[in-house]
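Given next are the chains, with one letter for each unit.
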Amino acid sequence: AQTVTQSQPEMSVQEAETVTLSCTYDTSENNYYLFWYKQPPSRQMILVIRQEAYKQQNATENRFSVNFQKAAKSFSLKISDSQLGDTAMYFCAFMPTGANNLFFGTGTRLTVIP
Amino acid sequence: GAGVSQSPSNKVTEKGKDVELRCDPISGHTALYWYRQSLGQGLEFLIYFQGNSAPDKSGLPSDRFSAERTGGSVSTLTIQRTQQEDSAVYLCASSLTGILGEQYFGPGTRLTVT
């Protein structure tokens, strides 16, 4: 079974500061993809960043970066220079290669405080 | 270009009634997904369509749930004899074949069963 765990239901960060959201997953697969999605109050899920498991280098997209630890099955998201527009639910997701769907964690609600 | 659209945005129905939820994917996207997001939960996979292939229905929770995709484009999710536990946000996503995980989500339909 594929499971994704986000142990932080809620987090807050001061504007311009850095915050890290945690995610762990459980799988017996060796090849897979990991993602972080953002869901603002508009409900529209937006892809933030993705990581291929076969790549050792951590993915980076502007202010967003990940710390991928394959042996520990950990995939945390770091948001630098937090902005008010970063306030949203953040979901970690996992897709085994060849699978038809994403497996999601339960999400972390992030609030950026001005 | 236009993103994934869903209608209605909100739907309130009485227990026991049937409902239809509509999804218009991004033009040219051959893959289409339905997910369910219950309060406080992550997204739960329901069904996946890829081109003209038989859909992957492995996530449908009961035989009251069904979905169609006509002409490889618009999809309708039907819930028969709705129950209160069906109350959730139903999200649709589409993607181009071969771009794993680049799923583009619609804004969802919030279904409330009274």
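Quick note: structure is the one above.
Residues numbered from 1 in each chain as written. Chains lettered and ligands numbered in written order. Predicted model: local features only at pLDDT ≥ 70, side-chain atom pairs only at ≥ 80, totals over all residues. Heavy atoms only, no water.

What about the environment of Tyr90(B)?
Residues and elements named next belong to chain B.
- By secondary structure assignment, the location of Tyr 90 is in strand S8 (residues 88–95).
- A relative accessible area of 0% means that Tyr 90 is categorised as buried.
- C-alpha of Tyr 90 to C-alpha of Leu 77: the two residues are 13 residues apart in sequence and 9.1 Å apart in space.
- Of note is the side chain of Tyr 90, whose polar atom sits 2.7 Å from the backbone oxygen of Asp 86. (Helix = DSSP H or I, 4+ residues; strand = E, 2+ residues; numbered from the N terminus. Buried < 20%, exposed > 50% of the residue type's maximum accessible area, 1.4 Å probe, protein only. Polar contact = N/O pair within 3.5 Å; in protein donor to acceptor, adjacent residues only side chain to side chain.)

So, the state of the cysteines
- Scanning all chains against the criterion turns up two disulfides over all chains.
- Each sulfur in the disulfide pair Cys23(A) and Cys92(A) lies 2.0 Å from the other. Judged by the torsion about the S-S bond (-70°), the Cys23(A)/Cys92(A) disulfide is left-handed. On the criterion of sequence distance, the pair formed by Cys23(A) in the loop between strand S3 (19–21) and strand S4 (24–26) and Cys92(A) in strand S10 (residues 88–96) is long-range, its members being 69 residues apart. The pair formed by Cys23(A) and Cys92(A) is uniform in burial state, with each residue classed as buried.
- With its sulfur 1.9 Å from that of its partner, Cys23(B) forms a disulfide with Cys92(B). Taking the sign of the torsion about the S-S bond as the criterion, the disulfide between Cys23(B) and Cys92(B), at about -65°, is left-handed. Within this pair, whereas Cys23(B) is found in strand S3 (residues 19–24), its partner Cys92(B) is found in strand S8, the two being separated by 69 residues in sequence. (Disulfide = S-S within 2.5 Å.)

Some thoughts on the nonpolar core
Residues and elements named next belong to chain A.
- The biggest cluster of nonpolar side chains holds 25 residues, and the ones touching the most others in it are Tyr 25, Trp 36, Phe 75, Leu 77 and Tyr 90.
- Listed by contribution, the elements that provide at least two residues to this core are S3, strand S5 (32–39), strand S6 (46–52), strand S8 (64–69), strand S9 (74–79), S10 and strand S12 (108–113).
- With four residues, the single largest contributor to this core is S10. (Core = buried A, V, L, I, M, F, W, Y, C linked by side-chain atoms within 4.5 Å.)

Here we look at the interface of chain A and chain B
- Listed as interface residues are 18 residues of chain A and, on the opposing side, 25 residues of chain B.
- Of the roughly 1,700 Å² buried between chain A and chain B, counting both surfaces, carbon and sulfur atoms make up 51%.
- Here chain A and chain B share zero salt bridges between them.
- One can count six residue pairs in polar contact (both at pLDDT 80 or more) joining chain A with chain B.
- Sorting the residues of the side of chain A that touches chain B by element identifies S5, S6 and S10 of chain A as the ones contributing at least two each.
- By residue number, the principal contributor to the side of chain A that touches chain B is S5(A), which donates four residues.
- A breakdown of the residues in the side of chain A that touches chain B according to their chemical character gives nine nonpolar, seven polar and two charged. (Contact = heavy atoms within 4.5 Å. Buried area = accessible area lost by both parts, 1.4 Å probe. Salt bridge = Lys/Arg side-chain N within 4 Å of Asp/Glu carboxyl O. Nonpolar A, V, L, I, M, F, W, Y, C, P; charged D, E, K, R; others polar.)

Notes on the layout of surface pockets
- Roughly 570 Å³ of volume is contained in the largest pocket.
- If you go around the largest pocket, you meet 25 residues; those closest to its centre are Gln39(A), Arg109(A), Gln37(B), Leu39(B) and Arg110(B).
- Those elements giving two or more residues to the lining of the largest pocket turn out to be S10 and S12 of chain A together with S8 and strand S10 (109–113) of chain B.
- Taken together, the residues that form the lining of the largest pocket break down as 11 nonpolar, 10 polar and four charged. (1 Å grid on protein atoms, 1.4 Å probe; cavity = no way out; pocket = protein on both sides within 12 Å on 5 of 7 lines; lining within 4 Å. Points joined across faces, edges and corners; volume = space filled by probe spheres on them.)

A word on the pattern of salt bridges
- One pass over the structure, following the stated rule, counts seven salt bridges over all chains.
- Residue Lys55(A) pairs with Glu52(A) through a salt bridge whose shortest N-O separation is 3.9 Å.
- Assessed through its relative accessible area of 39%, Lys55(A) is described here as partly exposed.
- Here Asp86(B) and Arg64(B) are joined by a salt bridge, their closest N and O atoms 2.8 Å apart. Of this pair, Asp86(B) sits in the loop between strand S7 (75–79) and S8 while Arg64(B) sits in the loop between strand S5 (43–50) and strand S6 (65–69), and the two are 22 residues apart along the sequence. Each member of the pair, Asp86(B) together with Arg64(B), is buried.
- Look at the salt bridges and you will find they share partners, linking Arg50(A), Glu52(A) and Lys55(A) into a network.

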